[in-house]
Amino acid sequence: MKTSVLICDYSYHYKAFNHNMKGELQTYLFRLQTEGSCKVYVQDEEFTMTSGDLLLLKPGDDYHLVVAEPHKEGRLSSGDYYLFCEGSWIDQWWKRIQRPTVNRIGLDDKLVSLWRNILLEQRRGPLEENQELKDALLRGLCLYIDRAISESLQTDRSVSSTLKLKRFIEEHATVTFKLEEAARYAGLSLSRAVRLFKEHYGKTMIQYAIEIRLNVALERMKYSEMTLEHIAETCGFASYSYFHRVFRAHFGMSPLEYLKSQSHPSFDMEHV
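Residues numbered from 1 in each chain as written. Predicted model: local features only at pLDDT ≥ 70, side-chain atom pairs only at ≥ 80, totals over all residues. Heavy atoms only, no water.

Asks: Give a description of the nonpolar core that names residues and reports values.
Replies: Most often, soluble globular proteins keep nonpolar side chains buried together rather than apart. Judged by nonpolar contacts, the single largest core of 29 residues is most densely connected at Phe 30, Leu 83, Leu 111, Trp 115, Leu 138, Leu 141 and Ile 145. For this core, the element with the highest residue contribution is helix α3 (residues 128-152), accounting for 8 residues. Setting aside chain neighbours within four positions, we find Leu 138 in contact with Thr 3, Ser 4, Val 5, Phe 30, Leu 83, Cys 85, Ile 90 and Ile 118. (Core = buried A, V, L, I, M, F, W, Y, C linked by side-chain atoms within 4.5 Å. Buried < 20%, exposed > 50% of the residue type's maximum accessible area, 1.4 Å probe, protein only. Helix = DSSP H or I, 4+ residues; strand = E, 2+ residues; numbered from the N terminus. Contact = heavy atoms within 4.5 Å.)

Asks: Hey, could you go over the environment of Lys 39 for me, with residue numbers and the actual values?
Replies: Residue position: Lys 39 is located in strand β3 (residues 28-42). With relative accessibility at 30%, the residue Lys 39 sits in the partly exposed group. A sequence separation of 107 residues divides Lys 39 from Asp 146, and the C-alpha atoms of the two residues are 24 Å apart. Every residue in contact with Lys 39, bar those within four places of it in the chain, is listed here: Glu 46, Phe 47, Thr 48, His 64, Leu 65 and Val 66. Only 3.1 Å separates the side chain of Lys 39 from the side chain of Glu 46, close enough to count as a polar contact. (Polar contact = N/O pair within 3.5 Å; in protein donor to acceptor, adjacent residues only side chain to side chain.)

Asks: Lay out the environment of His 230 in plain terms, naming residues and giving numbers.
Replies: Its place among the elements puts His 230 in helix α8 (residues 228-234). Linking His 230 and Gly 187, residues 43 residues apart in sequence, is a C-alpha distance of 34 Å.

Asks: Describe the packing of aromatic side chains, with residues and values.
Replies: One pass over the structure, following the stated rule, counts 16 aromatic pairs. Between Phe 30 and Trp 93 the ring centres are 5.7 Å apart and the planes differ by 65°, which places this aromatic pair in the edge-to-face class. Here Phe 30, found in strand β3, pairs with Trp 93, found in helix α1 (residues 88-96); they are 63 residues apart in sequence, far enough to count as distant. Here the two residues Phe 30 and Trp 93 agree in accessibility, since each one is buried. Relative to Phe 247, the ring of Phe 243 lies with its centre 5.7 Å away and its plane at 70°, an arrangement referred to as edge-to-face. You can see Phe 243 and its partner Phe 247 sitting in helix α9 (residues 240-251), 4 residues apart, about one turn around the helix. Residues Phe 243 and Phe 247 agree in their burial class; the two are buried. Cluster of aromatic residues (ring-pair linked, three or more members): Phe 237, Tyr 240, Tyr 242, Phe 243, Phe 247, Phe 251 and Tyr 258. Here the guanidinium or amino end of Arg 99 rests over the ring plane of Trp 93, the centre of that ring lying 3.9 Å away. (Phe/Tyr/Trp six-rings, centres within 6.5 Å; stacked < 30°, edge-to-face > 60°. Lys NZ or Arg CZ within 6 Å of the ring centre and 35° of its normal.)

Asks: Residue-level account of unusual backbone geometry, with values.
Replies: The phi dihedral of Gln 43 falls on the positive side, at around 50°, and the residue is not glycine. As for its position among the elements, Gln 43 is in the loop between β3 and β4 (45-50).

Asks: Give me helix α6 (residues 190-201): which residues, what numbers.
Replies: Over its 12 residues, α6 runs 16 Å from end to end, which matches the ideal 16 Å to within 8%, given 1.5 Å per residue. Every buried residue belonging to α6 is among Ala 193, Leu 196 and Phe 197, and all of these are buried. The arc that holds the buried residues of α6, viewed along the axis, is 100°, so those residues lie on one side. Relative to its buried face, α6 has exposed residues pointing more than 90 degrees away, namely Ser 191 and Glu 199. (Expected span 1.5 Å × (residues − 1). Arc of directions from axis to C-beta.)

Asks: How would you sum up the side chain of Asp 146? Please name residues and give values.
Replies: With respect to the helices, strands and loops of the structure, Asp 146 is situated in helix α3. The class for Asp 146 is buried, based on a relative accessible area of 16%. Beyond its immediate sequence surroundings of up to four residues, Asp 146 is in contact with Trp 93, Ile 97 and Arg 99.

Asks: Can you explain helix α7 (residues 205-223)? Please cite residues and give values.
Replies: Taking 1.5 Å per residue, 19 residues should reach 27 Å; α7 reaches 27 Å between its end C-alpha atoms and fits that length. For α7, the complete set of buried residues consists of Met 205, Tyr 208, Ala 209, Ile 210, Ile 212, Arg 213, Leu 214, Ala 217, Leu 218 and Met 221. The secondary structure elements touched by the buried residues of α7 are α4 (157-172), α5 (179-185), α6, α8, α9 and α10 (255-261).

Next up, the structure:
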């Protein structure tokens, strides 16, 4: 099963703009609003799109985009990533679940990064070696869209907030961050963030951050030539002595002993 990226680009409007594809949409269209706002009409239904809104359309849909002059004094702006695609894999993916036409998923860094990578590969032209990479990136984008939609549809505010905490920790675990920053990102007080995370995941935010740091450290120990001191530093540990202590407590051996154990099958990776 294949996919095909037909057009992938970024558009920015600072003047009134009107684009009508009534009855003309022949492929799938994904559109992520990144700034400003606009009106979208799909099958005669009106949607106001603002930053973080994702539009998903299928072949045969009517599509009308309007970027209108503001009613009051203000700067007109509308920016978005857009992508036209098709293919048998996309057909099957589309049929898996029902997705809203407009999804308020927010500007997730990972999703935007996938979109940018597709855009950059598309600009490289129709090189044969690009096709497989674009196919993989597009599939990844579709699967990540489903995750983002699933998280955005959480009606329980506490679940949604803890997902934001988890995402923040995953993105910042290898650098120094404060728990207050994670709580602020999730729109919570520090005490509530600490309590909710422990209730939902059975571990503290610090414990989860350490697990991620250790997993990253293991990968770098196995597949890089970095020194243990450099690995500790780049994985978010304040010092090598702290990394050494945490590693031994978690795995029952020092980082150096772990490196030596790699030539022996007795090390139990289930404890990683």
